[in-house]
Amino acid sequence: MSGSGPVGRVRARGDEFAERVNAAADLLDAGVASVEAVRMLADRYGCSPRQAHRYVQRAGLAGHLEVPAPTVVFTVKLPRPLVARIRAHAVASGRTLSAVVAQALEEFLARAHRERPRR
């Protein structure tokens, strides 16, 4: 788990959060009452009933979530002015640097794939 929360608590990673919301959605889809789903999730994941309630609430609003792919550290060297522009864009858009770079690379690779001549 990553990131620390209140004393003794650890925040769920994005993939764990999605898996827990999806588990809540599965319970709700199966007809389990919200109160019982909260208890079951708290027991299953060792989280507080309050946090389990948040998973159930999110599942009720959004249903199933896409589980993000695992991430790895990938170090590259870029020109300083480019890094400054990327950082400024990330701040202005309210996203992380990793999210901005990942989106840019996904779009670049998709475009390169579309433009590649067929054999």
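Please refer to the structure higher up on the page.
Residues numbered from 1 in each chain as written. Predicted model: local features only at pLDDT ≥ 70, side-chain atom pairs only at ≥ 80, totals over all residues. Heavy atoms only, no water.

Trainee: An account of the overall build of the chain is requested, with residue identities and associated values reported.
Mentor: Secondary structure summary: the chain contains five helices and zero strands in total. Of the regular secondary structure in the chain, the N- to C-terminal order runs α-α-α-α-α. Counting the 119 residues in the chain, one finds 20% classified as buried. Partitioning the contacts of the chain with sequence separation of at least 6, the portion at a separation of at least 24 is 42%. (Helix = DSSP H or I, 4+ residues; strand = E, 2+ residues; numbered from the N terminus. Buried < 20%, exposed > 50% of the residue type's maximum accessible area, 1.4 Å probe, protein only. Contact = heavy atoms within 4.5 Å.)

Trainee: Account for the environment of T71, naming residues and giving values.
Mentor: Here T71 shows up in the loop between helix 3 (49-62) and helix 4 (80-93). Separated by 56 residues in sequence, T71 and D15 have C-alpha atoms that sit 10.0 Å apart.

Trainee: For the side chain of R20, give the residues involved together with the corresponding values.
Mentor: For R20, the location among the structural elements is in helix 1 (residues 14-29). Of the side chains bearing the opposite charge, E16 lies closest to the buried R20, which forms no salt bridge; the N-O distance is 4.8 Å. Among the polar contacts listed, one links the side chain of R20 to the side chain of Y55, at a separation of 3.2 Å. (Lys, Arg positive; Asp, Glu negative; His and termini not counted. Salt bridge = Lys/Arg side-chain N within 4 Å of Asp/Glu carboxyl O. Polar contact = N/O pair within 3.5 Å; in protein donor to acceptor, adjacent residues only side chain to side chain.)

Trainee: Tell me what's going on with the nonpolar core, and back it up with residues and numbers.
Mentor: The nonpolar side chains of a soluble globular protein tend to be buried, and buried together. In this structure, A24, L41, A52, Y55, V56 and A59 are the most contacted members of the largest nonpolar core, which totals 14 residues. Those elements giving two or more residues to this core turn out to be helix 1, helix 2 (34-45) and helix 3. Sort the elements by how many residues they give to this core and helix 1 lands first, with five residues. Residues within four places of V56 in sequence aside, it is in contact with A24, L28, S34, A37, V38 and L41. (Core = buried A, V, L, I, M, F, W, Y, C linked by side-chain atoms within 4.5 Å.)

Trainee: Describe the packing of helix 1 against helix 3, naming the residues involved and giving the relevant values.
Mentor: Two numbers describe how helix 1 lies on helix 3: the axes approach to 8 Å, and their chain directions differ by 70°. If you check the angle between helix 1 and helix 3, you find them roughly perpendicular. Taken as a pair, helix 1 and helix 3 cross one another with a handedness that is right-handed. Facing helix 1, whose interface residues are F17, R20, V21, A24, A25 and L28, helix 3 presents Y55, V56, R58, A59 and G60. Split into classes, the residues belonging to the contact of helix 1 with helix 3 amount to eight nonpolar, one polar and two charged. (Axes fitted to C-alpha atoms, helices over the stretch in contact; angles between N-to-C directions. Parallel < 35°, antiparallel > 145°, perpendicular 65-115°, else oblique. Left-handed = near helix turned anticlockwise from the far one by under 90°. Nonpolar A, V, L, I, M, F, W, Y, C, P; charged D, E, K, R; others polar.)

Trainee: Tell me about the environment of A52, and please be specific about residues and values.
Mentor: Mapped onto the elements of the fold, A52 is located in helix 3. Excluding anything up to four places from it in sequence, A52 contacts V38, L41, A42 and C47.

Trainee: With reference to specific residues and values, describe helix 2.
Mentor: Spanning twelve residues, helix 2 covers 16 Å between terminal C-alpha atoms, matching the ideal 16 Å at 1.5 Å per step. Looking only at helix 2, the buried set comprises A37, V38, L41 and A42. Buried residues in helix 2, looked at end-on, bunch into an arc of 130°, giving them a common side. In helix 2, those exposed residues whose orientation departs by more than 90 degrees from the buried face are V35 and D43. Turning to helix 2, the residues buried within the fold contact helix 1 and helix 3. Just beyond helix 2, the residue with positive phi is G46, at close to 65°. (Expected span 1.5 Å × (residues − 1). Arc of directions from axis to C-beta.)

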